[in-house]
Amino acid sequence: MSLKSFHIVFIAVSTLVVFFFGVWAAFRGIVDSRAMMVAAGLAAFGAGAGLICYGVGFIRKLKSVGIY
């Protein structure tokens, strides 16, 4: 597996992990009535959105350079 392929897979897996954490934290925050856990869940969703933007930008960069 090349470095660029590993990078794309790593970003995809990281995005899934962050979204799963966000769902878990938001759910636990609502069930336990903890605002900090809900905030952590919302922050995780923001981080997941950032990872998606980064991944799309990375793939576009590879295409523009002619590598991918």
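All of the points below concern the structure found in this document. (Residues numbered from 1 in each chain as written. Predicted model: local features only at pLDDT ≥ 70, side-chain atom pairs only at ≥ 80, totals over all residues. Heavy atoms only, no water.)

1. A closer look at a nonpolar patch on the surface
Where nonpolar side chains cluster on the molecular surface, the patch consists of Met-1, Leu-3, Phe-6, Val-9, Phe-10, Val-13 and Val-17 and spans about 780 Å² of accessible area. Positionally, Leu-3 belongs in helix 1 (residues 3–32). For Leu-3, a relative accessible area of 71% translates into the label exposed. (Patch = residues over 30% accessible without salt bridge, like charges linked within 9 Å, V, L, I, M, F, W, Y side chains within 5 Å. Areas by Shrake-Rupley, 256 points an atom, 1.4 Å probe, with all protein chains shown as cover. Salt bridge = Lys/Arg side-chain N within 4 Å of Asp/Glu carboxyl O. Helix = DSSP H or I, 4+ residues; strand = E, 2+ residues; numbered from the N terminus. Buried < 20%, exposed > 50% of the residue type's maximum accessible area, 1.4 Å probe, protein only.)

2. Notes on the pattern of salt bridges
Summed over all chains, the structure comprises one salt bridge. Between Arg-28 and Asp-32 there is a salt bridge whose closest N-O contact spans 3.1 Å. Of this pair, Arg-28 and Asp-32 both sit in helix 1, four residues apart, which is roughly one turn of the helix. Residue Asp-32 is classed as partly exposed on the basis of its relative accessible area, which comes to 38%.

3. Quick notes on the packing of aromatic side chains
Within this structure, the stated rule accounts for four aromatic pairs. Measuring from ring centre to ring centre gives 6.3 Å for Tyr-54 and Phe-58, while their planes differ by 25 degrees; the resulting arrangement is stacked. Of this pair, Tyr-54 and Phe-58 both sit in helix 2 (residues 35–65), four residues apart, roughly one helical turn. Take Tyr-54: its relative accessible area is 40%, and that puts it in the partly exposed class. Take Phe-58: its relative accessible area is 22%, and that puts it in the partly exposed class. (Phe/Tyr/Trp six-rings, centres within 6.5 Å; stacked < 30°, edge-to-face > 60°.)

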